[in-house]
Number of protein chains: 2
Amino acid sequence: MQAEIITIGDEILIGQIVDTNSAFISKALNKIGVSVYQITSVQDDIAHITKSLKEAEENADIIIITGGLGPTKDDITKRTICDYFQDTLVPSEAVLDNIKHIWKTYIKKPLAQVNIDQALVPSKAKVLMNKYGSAPGMWMESNGKVFISLPGVPYEMKALMEDEVIPKLRKTYQFPFIKHVTLLTYGLGESNLAERIETWEDNLPSFIKLAYLPGLGRVRLRLSAKSFDKNLVETEMESQIKALLPQIEDIFVGFETDDSIEAIIGKQLTALNKTVCTAESCTGGKIAQLFTKNAGASKYFKGSVVSYATEAKIDVLQVPEALIKAHSVVSAPVVEAMAKHARELFKTDYAIATTGNAGPDKGDSDAEVGTVFIAIATKDRVYSEKFELGNHRTKVIMKAVNKAFEMLQKEILKK
Amino acid sequence: MQAEIITIGDEILIGQIVDTNSAFISKALNKIGVSVYQITSVQDDIAHITKSLKEAEENADIIIITGGLGPTKDDITKRTICDYFQDTLVPSEAVLDNIKHIWKTYIKKPLAQVNIDQALVPSKAKVLMNKYGSAPGMWMESNGKVFISLPGVPYEMKALMEDEVIPKLRKTYQFPFIKHVTLLTYGLGESNLAERIETWEDNLPSFIKLAYLPGLGRVRLRLSAKSFDKNLVETEMESQIKALLPQIEDIFVGFETDDSIEAIIGKQLTALNKTVCTAESCTGGKIAQLFTKNAGASKYFKGSVVSYATEAKIDVLQVPEALIKAHSVVSAPVVEAMAKHARELFKTDYAIATTGNAGPDKGDSDAEVGTVFIAIATKDRVYSEKFELGNHRTKVIMKAVNKAFEMLQKEILKK
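Structural notes, computed from the coordinates. (Residues numbered from 1 in each chain as written. Chains lettered and ligands numbered in written order. Predicted model: local features only at pLDDT ≥ 70, side-chain atom pairs only at ≥ 80, totals over all residues. Heavy atoms only, no water.)

**A closer look at the overall build of chain A**
Operational definition: Note on conventions: DSSP H or I runs of at least 4 residues are helices, E runs of at least 2 residues are strands, and numbering of each starts at the N terminus. Three exposure classes are used, based on accessible area relative to the maximum for each residue type with a 1.4 Å probe and protein chains only: buried under 20%, partly exposed in between, and exposed over 50%. Residue contacts are defined here by distance: any two heavy atoms, one from each residue, within 4.5 Å place the two residues in contact. Throughout, the Shrake-Rupley method with a 1.4 Å probe supplies accessible areas, and for residues the shown protein chains are the sole cover considered.
A count of helices and strands for chain A gives 16 helices and 17 strands. Expressed along its principal axes, the backbone C-alpha trace of chain A runs to roughly 75 × 60 × 40 Å. Across the 415 residues in chain A, those meeting the buried criterion constitute 60%. Long-range contacts, defined here as pairs at least 24 residues apart, represent 67% of the contacts in chain A between residues at least 6 apart. Just so you have it, chain A exposes about 17,000 Å², and 51% of that area is on carbon and sulfur atoms.

Next up, the structure:
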């Protein structure tokens, strides 16, 4: 079963927004055994949308379209789809009620005609109710293919995918069994890793594909198996992983789940009833922000001091000025003092601290661009590691964040 | 002049990574007057890549391909492109030298054959040197069309676009003049805004397009004009904006530049020689992280206390416990105390503080999900505003961050 995704909007093609919807939709489809053949981003233009619908219909059974459903003139998706199916627009009572409810509760302004028009849908479409906005999702079937139109606003689209589209696809089709397993490794580059496991890779059965996903100090190995024979997928995947593991023993960190490392740490800390705080210099609050992105973070995350300026390390974190003078602000003693004092300040079980130079220029210290120290403090000890993380600012910050999470996770798992 | 972007990689189609490259490339092309007709994400598959190259060649003059250039077996872009042009792969001395340099300086391991093979390029290709990685960019011309192949790693691709591709395109072609102007508004929804400016919109000349870009409490109006007549674009754009502004006077915030609001604030603070810090609860360090993402942030950003737990507000920010008990942790007096104490702690000119409930559940307070208080502290005064930011966690956080930046910018511009 194959799908295609069409994202509509000039704002994508002029680079004003990044299309994050496609990745979300692809992941959701893959999980239920639907492969995505292609993702196409097209203009708000009747001819272009029509052409992409035709092409997608040739390759795919399921066509998901996002965007172009707003109330304004530049959004023409609904009319184009309606013409594509030689259908007419009719008002949907349920959608109009939803729009009225939103306007009454949140907008608190009178409904304009353009909003009332959002309740118009093609007569053959099944409406998918949008609980976060006024533009409805639509499900249309034609010649054994399914066309699904969703609003482009990410959180509206996500809720519709989860609550409506996926359950309805499961009801409509029988899907092959699909299984992705991702092995997280670090410490060996992509090419060295590929060389090491070449023989194993060459002997993989044809229904299992391998991909290398390198990034910021890690290489993820993704195995994807797909077959209607669930048993075959399960046994073969298991035996292939069993054969691989001894070959990557020294660099294998764990299996990757859908959860980010910070979400996994959050669950581990919650289960252990432990808490964490951070003292961030070069990572500038990114670690705190990633922890607090997850609902329920208040159970284990107490807070952070982002001590970006050297004075802040002295004034807020009580790092002794003499220590900074003796070792420089980017040093093991300073990062360890940051972690120790942060842990005391926030009264947590663990503290993470970072200091380094993310570039592009040398900052308050003599440290080379890319030099980062990361410390972990616990009740019993404080320790740190030094890393050289390259010469690209964003990359240095993100690598440091990843390393910090890895160090903390190792520490937690020791217990 | 039209371009197409083809991004290659199964990891995009299974949703493991978000394709951010296309937005970057689109923006860079649009700036020099090249429209992007379509963005297509395809599989690591010879037939599929070949098909997409053929289709792109029909619509576009410039075809930019990213991804699939790694050293491993699943990366087949280079061989496919080589076959497409009926060319052969030959070793490039310059690329091999670069690879040797990277291995010697950073990797510190012996070169494997797969790495040496990365120096192979189609004989007709002009090599674009990659200063951050081993995979070279390639520039090929055929039948008056240009094909550019770039690595998929975002920071490698970005550097190649800026240093090689854009300058070389400018040398090769004469581009039409293009101008985008984005007007930032807040306080009125997309549909109400559209109704208000309907007559003006209907009378826009055909070479100026208008788009509504709603998001997180703001609506951006983007005007795009394109013509070989630079003078026409300039005068008509100016007169259209002049006609529009009085109609949106009450909701117009400013013109949007390529810079994010936090980068603009950073420049304004640097020019004024002023500093800022933050005390963040519900925004969890996101404001600090956005400030410190920008190089040079240490000039104006001193630090942050992320006081996620109530105890942290008391222990680290010295908010009186009695104040919290009297008003609740999500309240104007508490957020103002947070801002005031943060400003004193970090010795800055300005402080931003946030407290609120981002959901999904009620936290340490009785505040409704979506209720957020934001305070600004200056030398002379502290004040706060209350916002209701909806029922979606990520949305609440990002809206609060936007509001905080808007409040700070207003305060700075008062001076």
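**Focus: the relation of the copies chain B and chain A**
For clarity, the threshold we go by: To superpose the copies, least squares is applied to the C-alpha atoms of every residue with a pLDDT of at least 70 in both.
For the pair chain B and chain A, the best superposition has an RMSD of 0.1 Å and corresponds to a rotation of 180° with a translation of 0.1 Å parallel to the axis. A rotation of that kind, with that shift, is consistent with a two-fold axis. The residues that chain B uses at the interface reappear at the interface of chain A in 100% of cases, marking a shared surface.

**Considerations on empty space enclosed by the protein**
For clarity, the cut-off: Only protein atoms enter the 1 Å grid, on which a cavity is a set of points fitting a 1.4 Å probe that cannot get out and a pocket is an open set with protein on both sides within 12 Å along at least 5 of 7 lines, lining residues being those with an atom within 4 Å of a point. Grid points are joined across faces, edges and corners, and a volume is the space filled by probe spheres set on the points. Residue polarity follows a fixed list, in which Ala, Val, Leu, Ile, Met, Phe, Trp, Tyr, Cys and Pro are nonpolar, Asp, Glu, Lys and Arg are charged, and the others, Gly among them, are polar.
Summed over all chains, the structure comprises three cavities of 30 Å³ or more. Taken as a whole, the largest cavity spans an internal volume of roughly 120 Å³. Lining the largest cavity are 16 residues, with Asp19(A), Ser41(A), Asp19(B), Ser22(B) and Ser41(B) positioned closest to its centre. Looking at the lining of the largest cavity, the elements that each hand over two or more residues are helix 2 (21-31) and strand 2 (35-42) of chain A together with helix 2 (21-31) and strand 2 (35-42) of chain B. For the lining of the largest cavity, a count of residues per class yields ten nonpolar, four polar and two charged. Within this model, the second largest cavity holds a volume of roughly 80 Å³. Of all elements in the fold, only helix 3 (46-59) of chain A together with strand 1 (2-8), strand 2 and helix 3 (46-59) of chain B reach the threshold of two or more residues within the lining of the second largest cavity. With four residues, helix 3 of chain B is the largest single contributor of residues to the lining of the second largest cavity. Across the lining of the second largest cavity, the residue classes break down as two nonpolar, five polar and four charged.

**Focus on the side chain of Ser41(B)**
Put simply, the rule reads: Two N or O atoms count as a polar contact when they lie within 3.5 Å, although within protein this holds only if one can serve as hydrogen donor and the other as acceptor, and sequence-adjacent residues are included solely when both atoms are side-chain atoms.
When you line up the elements, Ser41(B) lands in strand 2. Looking at Ser41(B), its side chain comes within polar contact range of the side chain of Thr7(B), at 2.8 Å.

**Concerning unusual backbone geometry**
With an omega of 5°, the peptide bond running from Gly359(A) to Pro360(A) counts as cis. Within the secondary structure layout, Pro360(A) lies in the loop between strand 15 (350-356) and strand 16 (371-377). Located in the positive-phi region is Asn143(B), a residue other than glycine, with phi close to 50°. Among the secondary structure elements, Asn143(B) is positioned in the loop between strand 7 (137-142) and strand 8 (145-150).

**Some details on the packing of aromatic side chains**
Test applied: When the centres of two rings from Phe, Tyr and Trp lie within 6.5 Å, Trp using its six-membered ring, the rings pair. Their planes under 30 degrees apart give stacked, over 60 give edge-to-face, and anything left gives tilted. For a lysine, the NZ atom is tested; for an arginine, the CZ atom; a charge sits over a ring if that atom is within 6 Å of the ring centre and within 35 degrees of the ring normal.
If you walk through the whole model with that rule in mind, you get 20 aromatic pairs over all chains. Between Phe85(B) and Phe147(B), the aromatic rings sit 4.9 Å apart at their centres with planes inclined by 80°, giving edge-to-face as the arrangement. Highlighted residues: Phe85(B) in the loop between helix 4 (77-84) and strand 4 (89-91) and Phe147(B) in strand 8, separated in sequence by 62 residues. Pair check on accessibility: Phe85(B) and Phe147(B) agree, each one buried. Through successive ring pairs, a cluster of aromatic residues spans Phe291(A), Tyr300(A), Phe301(A), Phe405(A) and Tyr308(B). Its end group placed over the ring of Trp139(A), Lys168(A) keeps NZ or CZ at 4.6 Å from the ring centre.

**A short note on the pairing of strand 16 (residues 371-377) of chain B**
Residues and elements named next belong to chain B. Rules: Should DSSP find at least two bridges between two strands, the strands are regarded as paired.
In terms of burial, strand 16 is largely enclosed, as seven of its seven residues are buried. Going residue by residue along strand 16, you find Thr371, Phe373, Ala375 and Ala377 tucked away on one face and Val372, Ile374 and Ile376 tucked away on the opposite face as well. In the sheet, strand 15 (residues 350-356) pairs with strand 16 via six bridges, with the strands oriented antiparallel. Looking at the pairing, Thr354 lines up with Ile374 of strand 16.

**Overview of the interface of chain B and chain A**
Heads up, the rule is: As used here, buried area is the combined drop in accessible area, with a 1.4 Å probe, of two parts when they are placed together. Any Lys or Arg side-chain nitrogen located within 4 Å of an Asp or Glu carboxyl oxygen qualifies as a salt bridge.
Taken together, the contact between chain B and chain A spans 96 residues of the former and 96 residues of the latter. Where chain B abuts chain A, roughly 7,700 Å² becomes buried across the two surfaces, and 52% of that area is made up of carbon and sulfur atoms. Joining chain B to chain A, the criterion identifies six salt bridges. Of the charged contacts in the structure, one is a salt bridge between Glu311(B) and Lys302(A), with a shortest N-O distance of 2.9 Å. Along the contact surface separating chain B from chain A lie 39 residue pairs in polar contact (both at pLDDT 80 or more). Grouping the amino acids of the side of chain B that touches chain A by side-chain chemistry returns 38 nonpolar, 32 polar and 26 charged. In this sheet, strand 14 (residues 301-307) of chain B lies alongside strand 14 (residues 301-307) of chain A in antiparallel orientation, the contact comprising five bridges. Opposite Val306(A), over in strand 14 of chain B, you have Ser304(B) as the bridge partner.

**What to know about the environment of Glu385(B)**
Residues and elements named next belong to chain B. Structurally, Glu385 can be placed in strand 17 (residues 382-388). The sequence separation of Glu385 and Thr354 amounts to 31 residues, and the corresponding C-alpha distance is 9.9 Å. Beyond its immediate stretch of four places on either side in the chain, Glu385 contacts Val372, Phe373, Ile374 and Met407.

**A look at the sheet that holds strand 15 of chain A**
Rules: The axes used here are C-alpha line fits, helices contributing only the stretch in contact, and every angle between their N-to-C directions lies in the interval 0 to 180 degrees.
Spatial strand order, 17(A)-16(A)-15(A)-13(A)-14(A)-14(B)-13(B)-15(B)-16(B)-17(B): ten strands in an open sheet with mixed pairing. In the strand order of this sheet, the two ends are held by strand 17 (382-388) of chain A together with strand 17 of chain B, each with one partner. Adjacent strand axes in the sheet meet at a mean angle of 15°, parallel and antiparallel pairs treated alike. Strands strand 14 of chain A together with strand 13 (276-280), strand 14, strand 15, strand 16 and strand 17 of chain B of the sheet are contacted by helix 15 (residues 332-346) of chain B, whose axis makes an angle of about 145° with strand 15 of chain B. Taken strand by strand, helix 16 (residues 393-414) of chain B contacts strand 13, strand 15, strand 16 and strand 17 of chain B, and its axis lies near 25° from that of strand 16 of chain B.

**Regarding the packing of helix 3 of chain A against helix 4 (residues 77-84) of chain A**
Residues and elements named next belong to chain A. Keep this limit in mind: Working definition: roughly parallel below 35 degrees, roughly antiparallel above 145 degrees, roughly perpendicular at 65 to 115 degrees, and oblique for all remaining angles. Definitions for this section: a left-handed crossing has its near helix turned counterclockwise from the far helix by less than a right angle. A right-handed crossing has that turn clockwise.
Where helix 3 meets helix 4, the closest approach of the two axes is 10 Å, and the angle between their N-to-C directions is 55°. By the angle between their directions, the pair helix 3 and helix 4 is classed as oblique. Between helix 3 and helix 4 the crossing geometry is right-handed. Between helix 3 and helix 4, the residues in contact are Ile46, Ile49, Thr50, Leu53, Lys54 and Glu57 and Thr77, Thr80 and Tyr84, respectively.

**Observations concerning the side chain of Ser142(A)**
Following the sequence through the fold, Ser142(A) ends up in strand 7 (residues 137-142). Beyond its immediate stretch of four places on either side in the chain, Ser142(A) contacts Phe85(A) and Phe147(A).

**Overview of the pattern of salt bridges**
Tallied over the entire structure, the rule returns 26 salt bridges over all chains. For Asp10(B), the salt bridge goes to Lys209(A), with nearest N and O atoms at 3.3 Å. Here Lys209(A) lies in strand 10 (residues 208-215) and Asp10(B) lies in helix 1 (residues 10-13), a pairing that spans two chains. Residue class for Asp10(B) comes out buried when judged on its relative accessible area of 15%. Its relative accessible area of 47% is what places Lys209(A) among the partly exposed residues. Linking Asp315(A) and Lys347(B) is a salt bridge whose minimum nitrogen-to-oxygen distance equals 2.8 Å. Of this pair, Asp315(A) sits in helix 13 (residues 310-315) while Lys347(B) is found in the loop between helix 15 and strand 15, placing the two residues in two different chains. Looking at Asp315(A), the relative accessible area reads 27%, which means it is partly exposed.

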